[in-house]
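# An overview of the molecular structure
Residue strings, one per chain:
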Amino acid sequence: MGSDDISKLIFRTALRDRTSFDQLYSRTSAKLFGVCLRILGDRAEAEEALQEVYVKIWTKADRFSASDLSPISWLVAVARNHAIDLIRARRQRGSGLDEAMDVPDDGPTPEAQAIASGEHRLIDRCLGELEEDRAAAVRGAYLNGDSYSELAERFGVPLNTMRTWLRRSLAKLKECLER
């Protein structure tokens, strides 16, 4: 399914077309589940988060057209941001991430699925084109769910510099992935 097809489904979802929303779910839920699982580290929590993500997509689909993102990037951003919000709420409750990391997952990991589809190699190649610290910052922000302030502290740069690193790195990744 192409980018245009997903865009059409999002636009129809904005018009409250349930059939399009069902199709959007069936075509994108595996990828968004992988994002939630990667960040949250717990299958049950990721499943619950995925349901909440699709509620957000249903209610906020009309905001897609105003974004500059590709449709799958927009969907991934919704899932990623929701999962990170859950982690932040968990930290505030005093529960540690270490507990979630110990939960075993019997199924194939999202990373294993990506390797099987060939996307992993392409993403790794494109990340390899970035400077080492920029690639590590991108991995921290978008795969591990680290906040911008955590990354800025880790790399010893001002917060706005970290934001600039990530914005420019994502633009370079997009350019590489489109080649």
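The structure this text deals with has already been given above.
Residues numbered from 1 in each chain as written. Predicted model: local features only at pLDDT ≥ 70, side-chain atom pairs only at ≥ 80, totals over all residues. Heavy atoms only, no water.

### A look at unusual backbone geometry
Residues other than glycine seldom take positive phi values, yet Arg16 does so here, at roughly 70 degrees. Here Arg16 shows up in the loop between helix 1 (3-14) and helix 2 (18-40). A residue is classified by how much of its surface remains accessible, and Arg16, at 42% relative accessible area, is partly exposed. (Helix = DSSP H or I, 4+ residues; strand = E, 2+ residues; numbered from the N terminus. Buried < 20%, exposed > 50% of the residue type's maximum accessible area, 1.4 Å probe, protein only.)

### Thoughts on the nonpolar core
Soluble globular proteins tend to bury their nonpolar side chains together. Residues Ile10, Leu32, Ile57 and Leu75 are the most contacted members of the largest nonpolar core, which totals 28 residues. Among the secondary structure elements, those contributing two or more residues to this core are helix 1, helix 2, helix 3 (43-60) and helix 4 (71-93). The leading source of residues in this core is helix 2, at 9 residues. When sequence neighbours within four positions are dropped, the list of residues in contact with Leu75 reads Ile6, Ile10, Leu24, Thr28, Leu32 and Ile57. In terms of nonpolar packing, the next biggest core, distinct from the first, is built from 15 residues, Cys126, Leu127, Ala135 and Val157 among them. (Core = buried A, V, L, I, M, F, W, Y, C linked by side-chain atoms within 4.5 Å. Contact = heavy atoms within 4.5 Å.)

### So, the pattern of salt bridges
Evaluated as defined, the whole model comprises 5 salt bridges. Taking the shortest distance from any N to any O, the salt bridge between Glu131 and Arg134 comes out at 3.3 Å. On the accessibility criterion, Glu131 (47% relative accessible area) is partly exposed. A relative accessible area of 21% places Arg134 in the partly exposed class. Here Arg154 ties to Asp146 by a salt bridge, and the two come within 2.9 Å at their closest N and O atoms. Put simply, Glu131, Asp133 and Arg134 are held in one network by salt bridges that share partners. (Salt bridge = Lys/Arg side-chain N within 4 Å of Asp/Glu carboxyl O.)

### As for the packing of helix 8 (residues 132-142) against helix 9 (residues 148-155)
Between helix 8 and helix 9, the shortest axis-to-axis distance is 10 Å and the interhelical angle comes to 150 degrees. Put simply, helix 8 runs roughly antiparallel to helix 9. In this structure, helix 8 crosses over helix 9, and the sense of that crossing is right-handed. Only Tyr148, Leu151 and Phe155 of helix 9 make contact with helix 8, whose side of the interface consists of Asp133, Ala136, Ala137, Gly140, Ala141 and Tyr142. Residues that form the contact of helix 8 with helix 9 fall into these classes: 7 nonpolar, 1 polar and 1 charged. (Axes fitted to C-alpha atoms, helices over the stretch in contact; angles between N-to-C directions. Parallel < 35°, antiparallel > 145°, perpendicular 65-115°, else oblique. Left-handed = near helix turned anticlockwise from the far one by under 90°. Nonpolar A, V, L, I, M, F, W, Y, C, P; charged D, E, K, R; others polar.)

### Some words on the packing of aromatic side chains
To describe a pair of aromatic rings, you give the distance between the ring centres and the angle between the ring planes. Enumeration according to the criterion identifies 6 aromatic pairs in this entry. Both rings, one in Phe21 and one in Tyr54, keep their centres 6.1 Å apart while their planes meet at 70 degrees; by these two values the pair is edge-to-face. Of this pair, Phe21 sits in helix 2 while Tyr54 is found in helix 3, placing the two residues 33 residues apart along the sequence. What makes Phe21 buried here is its relative accessible area of 16%. Using a relative accessible area of 4% as the deciding quantity, one classes Tyr54 as buried. The interplanar angle of 70 degrees and the centroid separation of 5.0 Å between the aromatic rings of Phe21 and Trp58 together place this pair among those described as edge-to-face. Taken together, the residues span a long stretch of sequence, with Phe21 in helix 2 and Trp58 in helix 3 at a distance of 37 residues. (Phe/Tyr/Trp six-rings, centres within 6.5 Å; stacked < 30°, edge-to-face > 60°.)

### A short note on the side chain of Ser147
Secondary-structure assignment places Ser147 in the loop between helix 8 and helix 9. At 3.1 Å, the side chain of Ser147 forms a polar contact with the side chain of Ser149. (Polar contact = N/O pair within 3.5 Å; in protein donor to acceptor, adjacent residues only side chain to side chain.)

### Considering the packing of helix 2 against helix 3
It is the contact of helix 2 with helix 3, at a shortest axis distance of 9 Å, that shows an interaxial angle of 140 degrees. The pairing of helix 2 with helix 3 is recorded here as oblique in orientation. Of the two elements, helix 2 crosses helix 3, and the hand of that crossing is right-handed. Facing Arg18, Phe21, Leu24, Tyr25, Thr28, Ser29, Leu32, Phe33, Cys36, Leu37 and Leu40 of helix 2, the residues of helix 3 in contact are Arg43, Glu45, Ala46, Glu47, Ala49, Leu50, Val53, Tyr54, Ile57 and Trp58. Here the residues of the contact of helix 2 with helix 3 are counted per class, giving 15 nonpolar, 2 polar and 4 charged.

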